[in-house]
Amino acid sequence: DAGVIQSPRHEVTEMGQEVTLRCKPISGHDYLFWYRQTMMRGLELLIYFNNNVPIDDSGMPEDRFSAKMPNASFSTLKIQPSEPRDSAVYFCASSVLGRQAFFGQGTRLTVV
Amino acid sequence: QQQVKQSPQSLIVQKGGISIINCAYENTAFDYFPWYQQFPGKGPALLIAIRPDVSEKKEGRFTISFNKSAKQFSLHIMDSQPGDSATYFCAAGNSGGSNYKLTFGKGTLLTVNP
């Protein structure tokens, strides 16, 4: 298996633009997590899904953030409109039964 | 209640030395305590994990010590090598019900000098 695949690896966008981050989890995994990593706040859980259903989105910072998982092999995290303070590395992770989480390589987002 | 406090923030060790990173948690419902290792430009990767029914778990040069009464756990890296230089995160989770999310510590940047 290729592991968790995220795209793009890097994204630079202007403030106010819409940004969509993509994730393909490991086949057979039933949990999918979106994390944000910054120097100040470390790794923060934004939202997680179980069997494509959002379970806990209490970490989503604002209504500007939304996440979907239309099927077991694809998830998106969308920021609209983006702001400079959204600049961070966003990680997607997947697991079986929520135990060992396998992380993707992350998307480094820069909002200028 | 959901916090996991990790220390130190950074650590410099000589090759062959012992690296020790400590974590403390508050939520007594946590029952899964993994450590993740992250290299620059990569995502975190599971290193070793422990459950509260044991006080120690060892895998190669890596050992987790767990103190349930103190709500603390630590990672020991024996015979530290320059290749161990990375950021280490402790985490804690609750595998009960459907709530499997992990709460991470802020991370420790380990540098092992040759």
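Use the structure listed above.
Residues numbered from 1 in each chain as written. Chains lettered and ligands numbered in written order. Predicted model: local features only at pLDDT ≥ 70, side-chain atom pairs only at ≥ 80, totals over all residues. Heavy atoms only, no water.

Draft legend 1. Focus on the overall build of chain A. Within chain A one finds zero helices and 11 strands. Counting from the amino terminus, chain A carries its helices and strands in the arrangement β-β-β-β-β-β-β-β-β-β-β. A globule of 112 residues ought to have a C-alpha radius of gyration of about 13 Å, and chain A, at 13 Å, matches this closely. A principal-axis box enclosing the C-alpha atoms of chain A has dimensions of 35 × 25 × 25 Å. In chain A, once contacts between residues fewer than 6 apart in sequence are set aside, the share between residues at least 24 apart is 53%. Carbon and sulfur atoms make up 51% of the accessible area of chain A, which totals about 5500 Å². Averaging the locations of the 11 positively and 12 negatively charged side chains of chain A gives two centres separated by 4 Å. (Helix = DSSP H or I, 4+ residues; strand = E, 2+ residues; numbered from the N terminus. Rg over C-alpha atoms; globule rule 2.2 N^0.38 Å. Contact = heavy atoms within 4.5 Å. Areas by Shrake-Rupley, 256 points an atom, 1.4 Å probe, with all protein chains shown as cover. Lys, Arg positive; Asp, Glu negative; His and termini not counted. Charge placed at Lys NZ, Arg CZ, Asp CG, Glu CD.)

Draft legend 2. Examining the interface of chain A and chain B more closely. The partner chain B presents 18 residues to the 23 residues of chain A that form the contact. For the pair chain A and chain B, the summed buried surface comes to about 1700 Å²; carbon and sulfur atoms form 51% of the total. Ranking the residues of chain A by area buried against chain B places Leu43, Arg99 and Phe103 of chain A at the top, with a combined share of 28%. Across the contact surface, chain A and chain B share zero salt bridges. At the boundary of chain A with chain B, the tally comes to four residue pairs in polar contact (both at pLDDT 80 or more). Broken down by secondary-structure element, the contributors of at least two residues to the side of chain A that touches chain B are strand E4 (31–38), strand E5 (42–50) and strand E6 (53–56) of chain A. The class makeup of the residues in the side of chain A that touches chain B is 12 nonpolar, seven polar and four charged. (Buried area = accessible area lost by both parts, 1.4 Å probe. Salt bridge = Lys/Arg side-chain N within 4 Å of Asp/Glu carboxyl O. Polar contact = N/O pair within 3.5 Å; in protein donor to acceptor, adjacent residues only side chain to side chain. Nonpolar A, V, L, I, M, F, W, Y, C, P; charged D, E, K, R; others polar.)

Draft legend 3. Seen up close, the layout of surface pockets. Approximately 670 Å³ is the volume attributed to the largest pocket. Around the largest pocket sit 29 residues that line it, and Gln37 and Met39 of chain A together with Gln38, Thr87 and Phe89 of chain B are the ones nearest its centre. Broken down by secondary-structure element, the contributors of at least two residues to the lining of the largest pocket are E4, strand E9 (88–95) and strand E11 (107–111) of chain A together with strand E9 (86–93) and strand E11 (108–113) of chain B. (1 Å grid on protein atoms, 1.4 Å probe; cavity = no way out; pocket = protein on both sides within 12 Å on 5 of 7 lines; lining within 4 Å. Points joined across faces, edges and corners; volume = space filled by probe spheres on them.)

Draft legend 4. The arrangement of the packing of aromatic side chains in detail. Inspection of every chain in the model, using the stated rule, returns 19 aromatic pairs over all chains. For the ring pair Tyr25 of chain B and Phe33 of chain B, a centre distance of 4.8 Å and an interplane angle of 45° mean the geometry is tilted. In this structure, Tyr25 of chain B and Phe33 of chain B share a single accessibility class: buried. One aromatic cluster in this structure is built from Tyr31, Phe33, Tyr35, Tyr48, Phe91 and Phe103 of chain A together with Tyr36, Phe89 and Phe104 of chain B. (Phe/Tyr/Trp six-rings, centres within 6.5 Å; stacked < 30°, edge-to-face > 60°. Buried < 20%, exposed > 50% of the residue type's maximum accessible area, 1.4 Å probe, protein only.)

Draft legend 5. Spatial organisation of the state of the cysteines. In this structure the tally under the stated criterion is two disulfides over all chains. Each disulfide pairs two cysteine sulfurs, and for Cys23 of chain A the partner residue is Cys92 of chain A, the sulfurs being separated by 1.9 Å. Taking the torsion about the S-S bond as the criterion, the Cys23 of chain A to Cys92 of chain A disulfide, at about -65°, is left-handed. In this pair, Cys23 of chain A is assigned in strand E3 (residues 19–24) and Cys92 of chain A in strand E9, connecting sequence segments 69 residues apart. Each member of the pair, Cys23 of chain A as well as Cys92 of chain A, is classed as buried. One disulfide in the model links Cys23 of chain B with Cys90 of chain B; its S-S distance is 1.8 Å. Linking Cys23 of chain B and Cys90 of chain B, the disulfide has an S-S dihedral of approximately -95° and is accordingly described as left-handed. Taken together, the positions of Cys23 of chain B in strand E3 (residues 19–25) and Cys90 of chain B in strand E9 put the pair 67 residues apart, joining distant regions of the chain. A single burial state applies to Cys23 of chain B and to Cys90 of chain B, both of which are buried. (Disulfide = S-S within 2.5 Å.)

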